[in-house]
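Listed here are the chains, written in short residue letters.
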Amino acid sequence: MDIENVLVVAEQAKDYDGLDKTEDSEKQLDPVAVKEAEKVPTVAKEAVNEEQQDLTEENSKKNSETDEYAYLEATGFTSELFKIEVRGLPKYYGISELKKLLNVKMKLSTNKIKIMKPGSPFIFICFRCQEDREAAIKALDGFKWKGKTLSAFEAKPAPDPLVRRRKEASAAEGEPLNTKRRSVEACATALAYLSYEEQLLQKQSEMENVLQKFGKELWSSVPSLRSYIEKQREHNNGLPCALEPLRPSPVQNGYRNKCEFSIGKDASGVKRVGFRVGSYSNGFLEVEPIKELKHIPDCMKQTVSLFEEYVQASKLEVYSSETYQGYFRQLTVRMSHATGQVMVVVGVHLQELPLEEQKSLKNSIVKCLTSEVGKNAGICSVYFEVIQKRQQGQFTNPIEHLYGETHIEDTILGLKFRISPQAFFQINTPAAEVLYQCAIDLASPDKNTSILDICCGTGTIGLCFAKHCKQVLGVDIVAQAIEDAKHNAERNEIENCKFFDGNADDLIMSLIRYANIVPAQHESLLAILDPPRAGLHVRSITQLRNARGLNKLVYVSCSPQSAIKNWVDLMRPCSKQLRGEPFIAKRAIAVDLFPHTPHTELVILFEREPENGTVEETIIPTSESTDGI
């Protein structure tokens, strides 16, 4: 009997033993064939098992590639399994008050809230288990909120967008999944094809467009300001406030002091450390090399190349967000322009990796990054980050220091700043000096001015302001950043700064009371706002509006389009919620912190409207220097 027939008989015997029964396996088998199968060598039987395992894995892979809901049974947890839809919501409500209603008042254990758009009459809420979902439906269905009766019911999980794209491509007879796919250069440095002078002209024009949109939003949502807006437009070339010429970055190439690199595979299946050129929802996850990108410094490129060689040689797979399998997921690299120090944070998805293998993995990472090549790149600090699903109230992943220095140090406006692995620090250090000087010039503080540094990070803005004012009070939600800020104040022998960790939404009023402003002694209060890309929460805006003695704000935005709502809320008339007098946008300055990309920082000075005056009295005409760049 040849080996092929032997394997067939062995397969029949396996069915007969009841390990993998099918319809045919219930029929009686020839006893002779069974005896022949028992004579098959162990190697042949193992070959059968391996072949079956391969077929099972292949079928499973095919299912995951065609089934839009296969991810629900994957190893990784998804709260899409326990989702509800809530309808009948009021037209006006805030996300914070909704969360307070659900989690505090009704004591529901929500995991994720998905809002379709502001003012949407329905939302999706995800939970961590069926018990929590059932309790939420019972509590919310028929519940009355803001004069509306809510309805709640189970919702179907969302389909996998990657699988959906594949099916669309299959239906289109193999056409590309995404015709808008671009190169890594076009994704990361979209303006690199222009000269720097042309980039500045384009960015200045874009900031004008942003301010024009701001003016339109004010016109439509705050009718009482229309007369004021028209007069401002007459004086400021159609803008609601004066816009000064864009300030260029002192360094255009290799300026980034922090990059978060993805670890994955390129279109050919080769393991890469670089930038993802697509997105999950667009249907492809390829990671491409970064060696030709202009804005990344050489020391980072050397570090990425070194670690990419390590990943390619490792027996551990790179992480796949499609299958939830694999280990290497992200590489964060920070560097100092002042010292040349390089800090590396290796982000790993550990899954069920045994402790001994975890220890071996960490040792091999340190060995790689501290080799001669790593030292030549400037690597002096190595961290290990465990990337996992964050629990409620958790803002950062667990991180472990493996080697070298715990921090690196950089310099802005003559001050030295310690930087920890997870703290915020402006990514273009030379341009940050320009940005902070612009903020100081706009604010014009004096020795009677107290400053609130909202979202202060490592204290860079506040400490740069310190010598120009009476005191600085900073707040940030990242506790490690506050520790850095305190160290930075001590390191620079600055004694008029205090920093507090916590949510700015909860602490603004406490900081104002702590400042203890005495107007009779000509003391004043100034707030510096440098929020994340999404802007400040409406609760923070409300507290700033209601703060007595706070008559001036400097808003620093890295995403001006996203900040427009905050600006409009600062200028709205008094109401039950916004009791304090509105602020008025006076002057704006754009600073290019991101050469070769479309992004620009915009700084706007807001001043409180005089209580007994009118906004028309506050107009500041455009200066002669604003004509052109």
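Residues numbered from 1 in each chain as written. Predicted model: local features only at pLDDT ≥ 70, side-chain atom pairs only at ≥ 80, totals over all residues. Heavy atoms only, no water.

With that settled, consider the sheet that holds strand β18 (residues 471–476). The pairing of strands in a sheet happens through backbone hydrogen bonds and is either parallel or antiparallel. Strand order in the open sheet formed by eight strands is β7-β22-β23-β21-β20-β17-β18-β19, with mixed pairing between adjacent strands. Lying at the two open borders of the sheet, with one neighbouring strand each, are β7 (242–243) and β19 (497–501). In this structure, strand β17 (residues 449–454) lies alongside strand β20 (residues 524–529), joined through six bridges in parallel fashion. Residue pairing across strands places Ile-454 opposite Leu-529, the latter belonging to β20. Across the sheet, helix α15 (residues 479–491) touches β18 and β19, and the angle it forms with β19 is around 165°. The sheet contacts of helix α18 (residues 560–571) involve β21 (550–557), β22 (583–591) and β23 (601–608), and relative to β21 the element is tilted by about 170°. (Pairing = 2+ DSSP bridges. Helix = DSSP H or I, 4+ residues; strand = E, 2+ residues; numbered from the N terminus. Contact = heavy atoms within 4.5 Å. Axes fitted to C-alpha atoms, helices over the stretch in contact; angles between N-to-C directions.)

Okay, the pairing of β17 next. Within β17, six of the six residues are buried, which leaves the element mostly enclosed by the surrounding structure. In this sheet, β18 lies alongside β17 in parallel orientation, the contact comprising five bridges. Residue pairing in the sheet places Leu-452 in a bridge with Leu-473 of β18. Traced from β17 through helix α14 (residues 460–465) to β18, the parallel crossover comes out right-handed. (Buried < 20%, exposed > 50% of the residue type's maximum accessible area, 1.4 Å probe, protein only. Right-handed = clockwise from strand over helix to strand, strands pointing away.)

Moving on, we come to the pairing of strand β12 (residues 342–348). Across the seven residues of β12, seven count as buried, placing the element largely inside the fold. Side chains of β12 alternate between two faces, with Val-342, Val-344, Val-346 and Val-348 and Met-343, Val-345 and Gly-347 buried alike. By the bridge criterion, seven bridges tie strand β11 (residues 328–335) to β12 in an arrangement that is antiparallel. Considered in β12, the bridge of Arg-334 is made with Met-343. Hairpin connection between β11 and β12: a loop of six residues separates the two successive antiparallel strands, and Gly-340 in this loop has a positive phi of roughly 80°.

A few words on the sheet that holds strand β14 (residues 399–404). Taken together, seven strands build an open sheet; the order of strands is β10-β9-β8-β11-β12-β13-β14 and the sheet is mixed. Each edge of the open sheet is held by one strand with a lone partner, namely β10 (287–288) and β14. The pairing of β12 with strand β13 (residues 379–386) spans seven bridges and is classified as parallel. Each bridged residue has a counterpart across the sheet, and for Val-348 the counterpart in β13 is Val-386. The strands touched by helix α10 (residues 298–313) within the sheet are β8 (258–265), β9 (271–276), β11, β12 and β13, with β11 carrying the most contacts at an inclination of about 155°. Taken strand by strand, helix α11 (residues 355–369) contacts β11, β12, β13 and β14, and its axis lies near 155° from that of β13.

Counting 50 residues, the largest nonpolar core has Leu-211, Phe-214, Trp-567 and Phe-606 as the members making the most contacts within it. A total of seven residues in this core trace back to one element, the largest contributor, which is helix α8 (residues 196–221). Residue contacts for Phe-214: discarding those within four places in its chain leaves Pro-240, Ile-564, Trp-567, Val-568, Met-571, Ala-585 and Phe-606. By size, the runner-up hydrophobic cluster in this structure holds 46 residues, among which are Met-343, Ala-431, Leu-435 and Cys-464. (Core = buried A, V, L, I, M, F, W, Y, C linked by side-chain atoms within 4.5 Å.)

A full pass over the atoms with the stated rule returns nine aromatic pairs. With a centroid separation of 6.1 Å and 85° between ring planes, the pair formed by Tyr-555 and Trp-567 is classed as edge-to-face. Of this pair, Tyr-555 sits in strand β21 while Trp-567 sits in helix α18; the two residues are twelve residues apart in sequence, bridging distant segments of the chain. No difference in accessibility class separates Tyr-555 from Trp-567, as the two residues are buried. Joined through ring pairs, the aromatic side chains of Phe-214, Tyr-555 and Trp-567 make up one cluster. Over the ring of Phe-124 we find Lys-83, and its NZ or CZ is 4.7 Å from the ring centre. (Phe/Tyr/Trp six-rings, centres within 6.5 Å; stacked < 30°, edge-to-face > 60°. Lys NZ or Arg CZ within 6 Å of the ring centre and 35° of its normal.)

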